[in-house]
Amino acid sequence: MKIAIVGCGAMGSVYAGLLASAGNEVLVVDRWAAHVEAINARGLRIEGASGERTVAVSAHTAPPDDEAEMIVIAAKAADVAGAAAAARRMMGEGSVVVTIQNGLGSADVVAAELGGELGAGSLMVGIAGGFGASIRAPGHAHHNGMQTIRMGAYSNAPGGLAFERVERAVGVWQAAGFRAEAARDIAAMQWEKLICNVAYSAPCTLTGLTIGKAMDDPDIGPVSRAAAIEAWTVARARGIAITVEDPVAHVRAFGSTIPHSKPSLLLDYEAGRRGEIDVINGAIPREAAKVEREAPVNATLARLVRFRERAF
C-alpha cells in the first residue's frame, strides 16, 4: 500500500519506520528540513521496543503531487489544520485518512478541513498509547513502549467510513507489527486514553518528573490521581460509554508500562515549544461545562502550564 505520513515527528517516525519495514511504499511530510534531509540521505532510523531498523522512505518538506491510499496525520494538535490541508492534496478516490493526536478536538479540525461528506466518509481516528517516543537526532527516533493503537470511524452516522474499511486499514498496521484494533466506538477509547493523559501530562510538565516518578511521588501522585478521577467523572457525566471502573488503577496500569518516559507535553516544554495542554487537561473543563459542571483540578493544571509556556 502507498502510505503518506504527515507530521514525521517522534510518533510519525515510528509509524513510518514500521509500515515501511512491512513492505509498504511510505513517504513522509514534515517541515523540519534537517530531519527530511537526514532521512533522504541516510534513511529513517527507528530503535526501541520494536527493535532497531533503518528504512528507506521518501521525505518532503511539502506535500508532493502524489496520491496515497492511506494518509496518516501525526502532527501535533496546533498543526493539525495545516496537516489536514496537506493530506487533502494527496487524497485520491478511495483514500483513507487516519488522524492520531492526543486529547480531544483535533479530529473535528481535520474533518472540517477535509470538507463535509468527504471528511466524514474517509476519516478514521486513531488513539496510540504507551509508546513514549522521542527524536534522538534528525532522522533518528526512539520509543520505549509499544502498546495498542485503536482506530475507528470519525463518524458512525450515515455517510461515515464503513467499519469494513476501518478493519482493512487496521490490518495494514497489524501486518507491520502494531497491536492495532478496530473500534466501533472511538469516542469511548479517546476518553479512556485522555484519562491517562491528564494524569501525567500537566503534572510531569510542571515538575520535570518522568511518568513513573510522578505516579509515586508523595506530593505529585495525589495531584495526578485527582486529575484522572475528575476526567473519569466528567466522562461519565457526559454519557461516554467508557469501560474504566477504577480510574486510579487505570492510570497506574498505563504508567507502569512506560515509567521512564516523559509525556510529549513535557518533551515539548523542554524543547521550548508550546504543547497540547488545551486538548488534554484543558479539554476537561470545556467538556464539564457541557453538563453544567466544573473541573477545577484540570483547569488549574492547564492554567499553570499555559503560564509557564508564555515565554515561548
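Heads up: the structure comes first, above all this text.
Residue numbering note: each chain is counted from 1, following its sequence as written. Residue-level local features of this predicted model are given only where pLDDT is at least 70; pairs of side-chain atoms are given and counted only at 80 or more, and the full residue set underlies all totals for whole chains, interfaces and linings. Water and hydrogen atoms were dropped before computing side-chain values, which therefore reflect all heavy atoms in the structure.

## Observations regarding the overall build of the protein chain
Of the regular secondary structure elements, the protein chain holds 13 helices and 12 strands. Expressed as lengths along the three principal axes of its C-alpha atoms, the size of the protein chain is roughly 50 × 45 × 35 Å. Type-normalised accessible area, obtained with a 1.4 Å probe on protein chains alone, sets the label of each residue: buried when under 20%, exposed when over 50%, and partly exposed for intermediate values. Classification of the 312 residues of the protein chain by burial places 55% in the buried group. Summarising the internal contacts of the protein chain: among those between residues at least 6 apart in sequence, 73% fall at separations of at least 24. Of the charged side chains in the protein chain, 30 are positive and 33 negative, and the gap between their average positions amounts to 4 Å. Every helix listed is a DSSP run of H or I at least four residues long, and every strand listed is a run of E at least two residues long, numbered separately from the N terminus. Any two residues whose heavy atoms approach within 4.5 Å are treated as being in contact. His is not counted, nor are the chain ends; Lys and Arg add positive charge and Asp and Glu add negative charge. Charged side chains are reduced to one point each, which is NZ for Lys, CZ for Arg, CG for Asp and CD for Glu.

## Examining the nonpolar core
As used in this record, nonpolar core signifies buried Ala, Val, Leu, Ile, Met, Phe, Trp, Tyr and Cys residues forming a set joined through side-chain atoms within 4.5 Å. Counting 47 residues, the largest nonpolar core has Trp-191, Tyr-200 and Ile-284 as its most contacted members. At the level of elements, strand S8 (123–128), helix H7 (186–207), helix H8 (211–216), helix H9 (220–237), helix H10 (247–257), helix H11 (264–270), helix H12 (283–289) and helix H13 (296–309) are the ones that each hand at least two residues to this core. The element contributing the most residues to this core is H7, with 12 residues. Other than its neighbours up to four places away in sequence, Trp-191 contacts Leu-104, Ala-231, Val-234, Ala-235, Ile-240, Ile-242, Ile-284 and Glu-287. If you look at the next biggest cluster of nonpolar residues, it comprises 44 residues, including Leu-44, Val-57, Val-166 and Val-170.

## Section: H10
Every buried residue of H10 is listed here: Pro-247, Val-251, Phe-254 and Gly-255. Summarising the axial view, the buried residues of H10 lie within an arc of 95°, below the 170-degree limit, and thus occupy one face. Turning to H10, the residues buried within the fold contact H7, H8 and H9. By the N-cap criterion, in which a side-chain oxygen at the helix start approaches the backbone nitrogen of a residue two or three places on, H10 is capped by Asp-246, the distance to Val-248 being 3.1 Å. The directions from the helix axis to the C-beta atoms form the arc being described. Counting of polar contacts relies on pairs of N or O atoms within 3.5 Å, with two restrictions inside protein: one atom must be capable of donating a hydrogen and the other of accepting it, and residues adjacent in sequence are counted only when both atoms are side-chain atoms.

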